[in-house]
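# Observations on chain architecture
Spelled out, the chains give:
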Number of protein chains: 2
Amino acid sequence: MPSDKVRDWNLKEIKQLVEKMRYAQRIRELFGLYLSPAVSQAILEGKVATDGENREVTVLFCDIRDFTAFSQSKAPRQVVARLNSFFERMSAAVDAHGGFINKFLGDGFLAVFGAPGRSADHAQQAVEAALAMEASLGVFNQELARDEEPPMEIGIGLDTGEVIVGNVGCANRMEYTVIGDAANRSSRIQKLNKSLGTRILVSDYTYQKCELGGGRALGAQTVRGLDEPLVLVTVGERA
Amino acid sequence: MPSDKVRDWNLKEIKQLVEKMRYAQRIRELFGLYLSPAVSQAILEGKVATDGENREVTVLFCDIRDFTAFSQSKAPRQVVARLNSFFERMSAAVDAHGGFINKFLGDGFLAVFGAPGRSADHAQQAVEAALAMEASLGVFNQELARDEEPPMEIGIGLDTGEVIVGNVGCANRMEYTVIGDAANRSSRIQKLNKSLGTRILVSDYTYQKCELGGGRALGAQTVRGLDEPLVLVTVGERA
């Protein structure tokens, strides 16, 4: 019965294909999950320049204080659960202001505003994201207090500048990333929070690009790894 | 003609599904590309503990010297091309010794040995990878010299220790990562290469776990961010 055979073959084939589609769907979900929806979308649409592009962006670096000490007193699953719960809230604040988390770095992360999609007001978006992160941390710490857990403390550093954005890596391992002084500086600016007793430190250049009140100028600060001092401003609750 | 209709419908459906399969295949390739083949495989097979796991691993941190200066004198596409060419070679050395590149960090990267697959001799693998990277850099620099390009210089730091491995992030953004002192320390150990005039620095703990000759003990060194000095050994050409 040739017609039946064709139908059987087709049904079996379709069944297999549907099965593979489910698998493909899972891969697509995971791909978005591991790369951030905005970046995976841009990559799938071929909108990411593989050979590099100059672009002014604002980079936000966030670090948890004393997380190593916390890690050592808890079971691994508690550490990861706490980190994920924290990242969930911070990521929501970043996303809500047009940025994306480019990298998780142990107990910190690096977020970028102004890429992959272009944005004219990336500095303003990034500073507003930092303020939203601070507010969100406050709510999180109230919840931790209710559970009789110690509060979390963070430091945030921001800088704006021209970076190279693109796909960096090798044939079997790529990363969409930003390369440039602004990326390095945001991390170094962040480190100064500890000695300055601040929580959010913004380079003067970034601050000047925003329309924000309430900042407190800290003058020129020596930043490790930079030849010249950098004028910094602090914003938020500790300003 | 119902049988024809069924066949038409099936053929159209199959055609669509095949089209979607090609797209899915591309996503799968990209997924592997952006996550490293070993990690994407482990994730797709559900072998990555999402809630965190303690594991002893060896972490290798590699950084390019003075890359910012190089970046500023070249066009973005030249910078990315050079970086990718460099990462291609370093990644081959890491892969050949059982490790994987966990993160690219601008002009550096962090590689892990002993995860996601378990390995009893991750310290030995990592040190051998560092030596292979050094040899590969030598060949690369000869090629650069032929093209009348300045050579590249790197620093490598290694440390072994118990870390938490797992998926860290939030609902729409995950990363398979390692959290712990060994990860932070490898980066800090690397930084000492500059002042010590070395290229590959290994913590004494990592070195003791290897069966290697030719190391040169450097005694206890003060490592920024660590309370106690760390005994270091240098290996390779500058040992």
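In what follows, the structure referred to is the one given above.
Our focus in this paragraph is the packing of helix H4 (residues 76-96) of chain A against helix H5 (residues 122-146) of chain A. All names here are of chain A. The interhelical angle for the contact between H4 and H5, taken along N-to-C directions, is 145°, at an axis separation of 8 Å. For the pair H4 and H5, the sense of crossing is right-handed. Listed contacts from H5 to Arg82, Ser85, Phe86, Arg89, Met90, Ala93 and Val94 of H4 are Ala129, Ala132, Met133, Ser136, Leu137, Phe140, Glu143 and Leu144. By residue class, the composition of the contact of H4 with H5 is 10 nonpolar, two polar and three charged.

What follows concerns the pattern of salt bridges. Scanning the entire structure with this criterion turns up 24 salt bridges over all chains. In this structure, Arg55 of chain A engages Glu53 of chain A in a salt bridge whose closest nitrogen and oxygen atoms are separated by 3.4 Å. Judged by its relative accessible area of 8%, Arg55 of chain A falls in the buried class. Overall, the relative accessible area of 22% leaves Glu53 of chain A in the partly exposed class. Residue Glu56 of chain B is joined to Lys209 of chain B by a salt bridge in which the shortest nitrogen-to-oxygen separation is 3.0 Å. Separated by 153 residues along the polypeptide, Glu56 of chain B in strand S1 (residues 53-64) and Lys209 of chain B in the loop between helix H7 (204-208) and strand S7 (216-221) bring together distant segments of the chain. Under the relative-accessibility criterion, Glu56 of chain B is labelled partly exposed at 27%. Under the relative-accessibility criterion, Lys209 of chain B is labelled partly exposed at 37%. The network of salt bridges with shared partners includes Glu134, Glu153, Arg199, Glu237 and Arg238 of chain A.

Looking now at the packing of aromatic side chains. Per the stated rule, a full pass over the model turns up 10 aromatic pairs over all chains. Between Phe86 of chain B and Phe87 of chain B, the aromatic rings sit 5.7 Å apart at their centres with planes inclined by 55°, giving tilted as the arrangement. A residue is classified by how much of its surface remains accessible, and Phe87 of chain B, at 0% relative accessible area, is buried. Here Phe87 of chain B and Phe104 of chain B contribute two aromatic rings whose centre-to-centre distance is 4.6 Å and whose plane-to-plane angle is 55°, an arrangement assigned as tilted. Pair noted here: Phe87 of chain B is in helix H4 (residues 76-96) and Phe104 of chain B is in strand S2 (residues 99-105), with a separation of 17 residues, a long-range link. Site record: aromatic cluster; members linked through ring pairs are Phe86, Phe87, Phe104 and Phe109 of chain A.

Reading guide: rules and limits
- Residues numbered from 1 in each chain as written.
- Chains lettered and ligands numbered in written order.
- Predicted model: local features only at pLDDT ≥ 70, side-chain atom pairs only at ≥ 80, totals over all residues.
- Heavy atoms only, no water.
- Axes fitted to C-alpha atoms, helices over the stretch in contact; angles between N-to-C directions.
- Helix = DSSP H or I, 4+ residues; strand = E, 2+ residues; numbered from the N terminus.
- Left-handed = near helix turned anticlockwise from the far one by under 90°.
- Contact = heavy atoms within 4.5 Å.
- Nonpolar A, V, L, I, M, F, W, Y, C, P; charged D, E, K, R; others polar.
- Salt bridge = Lys/Arg side-chain N within 4 Å of Asp/Glu carboxyl O.
- Buried < 20%, exposed > 50% of the residue type's maximum accessible area, 1.4 Å probe, protein only.
- Phe/Tyr/Trp six-rings, centres within 6.5 Å; stacked < 30°, edge-to-face > 60°.

So, to be careful, I would describe these as geometric facts and stop short of saying anything about function.
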